[in-house]
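Overview (structure and organization)
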Amino acid sequence: MTVHPERADHEVIAGRPASVGGLDIVRVLPTRGRRTVGAWCFVDLMGPDDAIRPDPMEVGPHPHTGLSTVTWLLAGEALHHDSLGTEQPLRPGQLNLMTAGHGIAHAELSRPDERFRGVQLWVALPETTRHDAPAFEHYAELPEVALGGGVARLLVGGLADGDDPVTSPARADSPLIGAEVTAVDDGVVDLPLRSSFEHCVVPLDGELAVVDTVASVGDIVLVAPEQQDVQVAARPGDRWLLLGGEPLTDEIRMWWNFVARTNEEISEARRAWQARDDRFGEVAGPLARIDAPSPPWERRTG
Ligand code: MN
């Protein structure tokens, strides 16, 4: 009998085009057969690379529950308003992290005179914090870690890098890693991983290879489980996200802008938003409020 050496099986899956408030996006998570990577439950690329005239982002006031939004720009500028009274411009290299807890509302607007590209990610909150008061954080700068052949900027958490790793100052409600990695030269970047985490790689610029699995912008690479590291090759200057975290133990339910555990919780959040209940508050700014559609389980048939 021949025993083959263990071969890591990394899976590449193409994202699907969608529209959020009129903005063209590519959704790479959730994807076919995979709803979450750690607590990361939603990854949208905003303003596809091949768009001739990318639309501005103009997403009017809308609510969230049970999640944090992580907004990361690649080009242009965005302005965030929320029901805590926050008004925060965002530029590439800066982080907006909004934690909804029990409920928050926000609006997002890009500068129309600039090409706009970015990523918006959602993190499902654990049971311990998902009912808490909402919060907002902005970081003008984030720590960087030099890797052979590349540099990692830490959005959330830290790389599995010795006993005392450099860690992002941003809030993390569960064990997470979120990093933007830039290839510096033609070498291969060796990314240290925690073997207890699930991980994925999301290309942001050109084509890259995760070991021998080739992917490009609009794809997600699901890293094989229980790896201690992974090698990524890309052209100098090209970027990608490394995302990971402890696998979720809770069964989460996602519908529209809500993350919860049951349909009843989502129906209650929707009712509160439609009733303009204090739960979500009011958002300043020029954009019109977005109504929640009715969830499929509330629709009568026949
Ligand atoms: Mn939102």
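In case you missed it, the structure is sitting above this.
Described in the following lines is the structure provided in the data block. (Residues numbered from 1 in each chain as written. Predicted model: local features only at pLDDT ≥ 70, side-chain atom pairs only at ≥ 80, totals over all residues. Heavy atoms only, no water.)

Looking at the coordination of the manganese ion
What counts is decided by this rule: Distances decide who is a donor: an N, O or S atom must be within 2.8 Å of the metal, or within 3.2 Å for Na, K and Ca. Water is not included, so sites may look incomplete. Helical segments are the DSSP runs of H or I of at least four residues, strand segments are the runs of E of at least two, and each set is numbered from the N terminus. Relative accessibility thresholds used throughout: buried, under 20% of the residue-type maximum; exposed, over 50%; partly exposed, between the two (1.4 Å probe, protein chains only).
For the manganese ion, every protein donor is listed as His62 (NE2), His64 (NE2) and His106 (NE2), and the spread of their distances is 2.1 to 2.2 Å. Considered as a linear motif, the donors of the manganese ion on their single chain read H-x1-H-x41-H. You can see histidine 64 sitting in strand β5 (residues 58-64) and its partner histidine 106 sitting in strand β10 (residues 104-110), a full 42 residues away along the chain. Comparing histidine 64 with histidine 106, the two get one shared label, buried.

Section: the environment of glycine 33
Along the chain, glycine 33 turns up in the loop between β3 (23-29) and β4 (40-46). As a C-alpha pair, glycine 33 and isoleucine 13 span 20 residues in sequence and 9.9 Å in three-dimensional space.

A look at the pairing of strand β11 (residues 117-124)
How we decide: Following DSSP output, two strands are said to pair if at least two bridges run between them.
Summarising burial for β11: eight of the eight residues are buried, a large majority. Of the two faces of β11, the one holding Arg117, Val119, Leu121 and Val123 and the one holding Gly118, Gln120, Trp122 and Ala124 are both buried throughout. Alignment of β4 against β11, held across six bridges, turns out to be antiparallel. Residue pairing across strands places leucine 45 opposite valine 119, the latter belonging to β11. Here strand β6 (residues 67-75) pairs with β11 via eight bridges, running antiparallel. Residue pairing in the sheet places alanine 75 in a bridge with arginine 117 of β11.

Some thoughts on the pattern of salt bridges
We count it as follows: We define a salt bridge as a side-chain nitrogen of Lys or Arg found within 4 Å of a carboxyl oxygen belonging to Asp or Glu.
Summed over all chains, the structure comprises 17 salt bridges. The partner of glutamate 144 in a salt bridge is arginine 153, and the shortest N-O contact between them spans 3.7 Å. Taking the relative accessible area as the measure of exposure, arginine 153 reaches 25% and is therefore partly exposed. Taken together, the shared-partner salt bridges connect Glu127, Arg130, Asp250, Arg261 and Glu265 into one network.

Points about the sheet that holds strand β7 (residues 78-82)
Keep this limit in mind: The angle between two axes is taken between their N-to-C directions and runs from 0 to 180 degrees, where each axis is a line fitted to C-alpha atoms and a helix contributes only its stretch in contact.
On the basis of which strands lie adjacent, the open sheet formed by four strands has the order β5-β10-β7-β8 and antiparallel pairing. At either margin of the open sheet sits one strand with a lone partner, and together these are β5 and β8 (87-90). Mean inter-strand twist for the sheet, computed between neighbouring axes without regard to direction, equals 20°. Summarising the sheet, β7 and β8 pair through four bridges and their orientation is antiparallel.

Re helix α1 (residues 263-274)
To keep things clear, this is the line we draw: Take the number of residues in a helix, subtract one, and multiply by 1.5 Å to get its expected span. Any two residues having at least one pair of non-hydrogen atoms within 4.5 Å are treated as being in contact.
Taking 1.5 Å per residue, twelve residues should reach 16 Å; α1 reaches 16 Å between its end C-alpha atoms and fits that length. If you check which residues of α1 are buried, you get Asn263, Ile266, Ser267, Ala269, Arg270, Ala272 and Trp273. Next to the buried residues of α1 lie β5, β10, β23 (253-255) and β24 (258-260). Positive backbone phi, approximately 55°, marks arginine 276, located one or two places after α1.

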